[in-house]
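Chain residues, written in single-letter form:
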There are 2 protein chains.
Amino acid sequence: MNTVKDTNLIKIPKVHDERGSLAVIERDVIPFSIKRVYYLYDVPSDSYRGGHAHNEQESVIIALSGSFEVIVDDGTSRKRMLLNKPNQGLYIPTHIWREIDNFSSGAVCLVLASTTYDETEYVRDYNTFCHLKGEM
Amino acid sequence: MNTVKDTNLIKIPKVHDERGSLAVIERDVIPFSIKRVYYLYDVPSDSYRGGHAHNEQESVIIALSGSFEVIVDDGTSRKRMLLNKPNQGLYIPTHIWREIDNFSSGAVCLVLASTTYDETEYVRDYNTFCHLKGEM
């Protein structure tokens, strides 16, 4: 059963020179093949996103611009992490509740996911999530 | 043989509400499976990137933050395009020379690519590129 200890920060390889920075994700930089790419932008700084878990989908969350905080929760433990570096990705396995808040002005949140959209594998109610975790 | 007319702007589906905008790329939004994701950031505004073509790789370029211009060239025609919208992706097929310049402050350039890195499929010299196009 995944716990918040199974979420971890992945260092994304980057090359920096006088033209700027180039970060690359391919092959085994992240632990899954990318089936879905989505991103949040034009986010009001008092906005709150997330509030769900996945039964099937793994994901990596990256602050491509600005910063925000990600809360991960396994039903027992809860951890809050600041993401503010484009070459750092937060890996979230299945069965972990996540929320995102405290967006900086101009923040861009990129998410790479292991599956395409399927509403049936979302858990959108926190009490249901805790109940499911209790049964695992 | 691909020409600049085969590069085109793809509208990326987005959902906008009071929490901000969410854009999603999956399934057939772009015409290939994603094998490589890379992004440019911390780019000096007078920087210049690109200057190559691919024999195998197709890509989609997106301005996730700020703006920049992409020059596409098929050896005969040349076209310059401003990218400045996160829900707009520029599709570039194989055998098209591309350059990127005129970056705004804080610009983030996301590229989704159809193959992993393989130096042998790059064409990095413009004269060689034009010669190859002439033979096609």
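With an unreviewed UniProt entry as reference, chain A is termed WxcM-like domain-containing protein, source organism Winogradskyella luteola.

### Topic: the environment of Ser 47 of chain B
You can see Ser 47 of chain B is positioned in the loop between β4 (36-41) and β5 (48-54). Of the polar contacts made by the side chain of Ser 47 of chain B, one reaches the backbone oxygen of Arg 19 of chain A; its length is 3.1 Å.

### Considering the sheet that holds strand β5 (residues 49-54) of chain A
Residues and elements named next belong to chain A. The strand order across the open sheet built from five strands is β8-β7-β10-β5-β12, with neighbouring strands paired in antiparallel fashion. Two strands in the sheet have a free side with no partner beyond their single neighbour: β8 (78-83) and β12 (122-123). In this sheet, strand β10 (residues 97-101) lies alongside strand β7 (residues 68-73) in antiparallel orientation, the contact comprising five bridges. Bridge assignment links Ile 71 to a residue of β10, and that residue is Glu 99.

### With respect to the confidence of the model for chain A
Averaged over every residue, the pLDDT of chain A is 97; the share at 70 or more is 100%. Predicted complex, confidence summary: ipTM 0.96, pTM 0.97.

### Quick notes on the interface of chain B and chain A
Counting residues at the interface gives 37 residues for chain B, matched by 37 residues for chain A. Looking at the side of chain B facing chain A, the largest losses of area belong to Arg 19, Tyr 39 and Tyr 41 of chain B, adding up to 23% of the total buried there. Taken together, the connections running from chain B to chain A amount to two salt bridges. In this structure, the salt-bridge partner of Arg 36 of chain B is Glu 26 of chain A, at a minimum N-O distance of 3.1 Å. Of all the elements in the fold, those that place two or more residues in the side of chain B that touches chain A are β2 (14-17), β3 (20-26), β4, β5, β6 (59-65) and β11 (108-113) of chain B. Top element by residues in the side of chain B that touches chain A is β3 of chain B. It accounts for seven residues. Here the residues of the side of chain B that touches chain A sort into 21 nonpolar, six polar and 10 charged. Note that strand β4 (residues 36-41) of chain A and β3 of chain B share six bridges and pair antiparallel. Bridge pairing in β3 of chain B places Tyr 41 of chain A opposite Ser 21 of chain B.

### Section: the relation of the copies chain B and chain A
Between the two copies, chain B and chain A, the superposition gives an RMSD of 0.0 Å; the rotation angle is 180 degrees and the shift along the axis is 0.0 Å. Taken together, the turn and the small shift mark the pair as related by a two-fold rotation axis. Closest approach to the rotation axis within chain B is made by the C-alpha atom of Ile 34 of chain B, at a distance of 3.2 Å. Of all interface residues in chain B, 100% are interface residues in chain A too; the two copies therefore contact each other through one and the same surface.

### Digging into the sheet that holds strand β8 (residues 78-83) of chain B
Strand-to-strand pairing in sheets goes through backbone hydrogen bonds, with the strands running parallel or antiparallel. All names here are of chain B. If you trace the five strands from one edge of the open sheet to the other, you get β8-β7-β10-β5-β12, paired in antiparallel fashion. Each end of this open sheet is capped by a strand with a single partner; those strands are β8 and β12 (122-123). The pairing of β5 with strand β10 (residues 97-101) spans four bridges and is antiparallel. Residue Gly 50 lies in a different strand from β10, and its bridge partner there is Glu 99.

### Topic: the nonpolar core
In this structure, Tyr 39 of chain A together with Tyr 39 of chain B are the most contacted members of the largest nonpolar core, which totals 34 residues. At the level of secondary structure, the elements contributing two or more residues to this core comprise β3 (20-26), β4, β6 (59-65) and β11 (108-113) of chain A together with β3, β4, β6 and β11 of chain B. In this view, Tyr 39 of chain A contacts Cys 109 and Leu 110 of chain A together with Ile 12, Ser 21, Leu 22, Ala 23, Ile 25, Ile 62, Leu 64, Pro 86, Asn 87 and Leu 110 of chain B; residues no more than four positions away in its chain are not counted.

### Digging into the pattern of salt bridges
All names here are of chain A. In the structure shown here, the tally under the stated rule is 16 salt bridges over all chains. A salt bridge links Arg 78 to Glu 99, with the shortest nitrogen-to-oxygen separation between them at 3.2 Å. A residue pair is termed long-range when its members are at least 10 positions apart, and Arg 78 in strand β8 and Glu 99 in strand β10 qualify at 21 residues. In this structure Arg 78 comes out as partly exposed when scored by relative accessible area, which is 49%. Glu 99 sits in the buried class, given a relative accessible area of 11%.

### Notes on the packing of aromatic side chains
One pass over the structure, following the stated rule, counts 13 aromatic pairs over all chains. Taking 5.3 Å as the distance between ring centres and 75 degrees as the angle between the ring planes, the aromatic pair formed by Trp 97 of chain A and Tyr 126 of chain A counts as edge-to-face. In this pair, Trp 97 of chain A is assigned in strand β10 and Tyr 126 of chain A in helix α1 (residues 126-135), connecting sequence segments 29 residues apart. For Tyr 126 of chain A, a relative accessible area of 29% translates into the label partly exposed. Centroid distance Tyr 126 of chain B to Phe 129 of chain B: 6.1 Å. Interplanar angle 35 degrees. Geometry classified as tilted. Here Tyr 126 of chain B and its partner Phe 129 of chain B are both found in helix α1 (residues 126-135), three residues apart, which amounts to about one turn of the helix. Three or more aromatic residues link up through ring pairs in this structure, and these residues are Trp 97, Tyr 126 and Phe 129 of chain A.

Cut-off values and rules
Residues numbered from 1 in each chain as written. Chains lettered and ligands numbered in written order. Predicted model: local features only at pLDDT ≥ 70, side-chain atom pairs only at ≥ 80, totals over all residues. Heavy atoms only, no water. Helix = DSSP H or I, 4+ residues; strand = E, 2+ residues; numbered from the N terminus. Polar contact = N/O pair within 3.5 Å; in protein donor to acceptor, adjacent residues only side chain to side chain. Pairing = 2+ DSSP bridges. pLDDT = per-residue confidence, 0-100. Contact = heavy atoms within 4.5 Å. Buried area = accessible area lost by both parts, 1.4 Å probe. Salt bridge = Lys/Arg side-chain N within 4 Å of Asp/Glu carboxyl O. Nonpolar A, V, L, I, M, F, W, Y, C, P; charged D, E, K, R; others polar. Least-squares fit on C-alpha atoms with pLDDT ≥ 70 in both. Core = buried A, V, L, I, M, F, W, Y, C linked by side-chain atoms within 4.5 Å. Buried < 20%, exposed > 50% of the residue type's maximum accessible area, 1.4 Å probe, protein only. Phe/Tyr/Trp six-rings, centres within 6.5 Å; stacked < 30°, edge-to-face > 60°.

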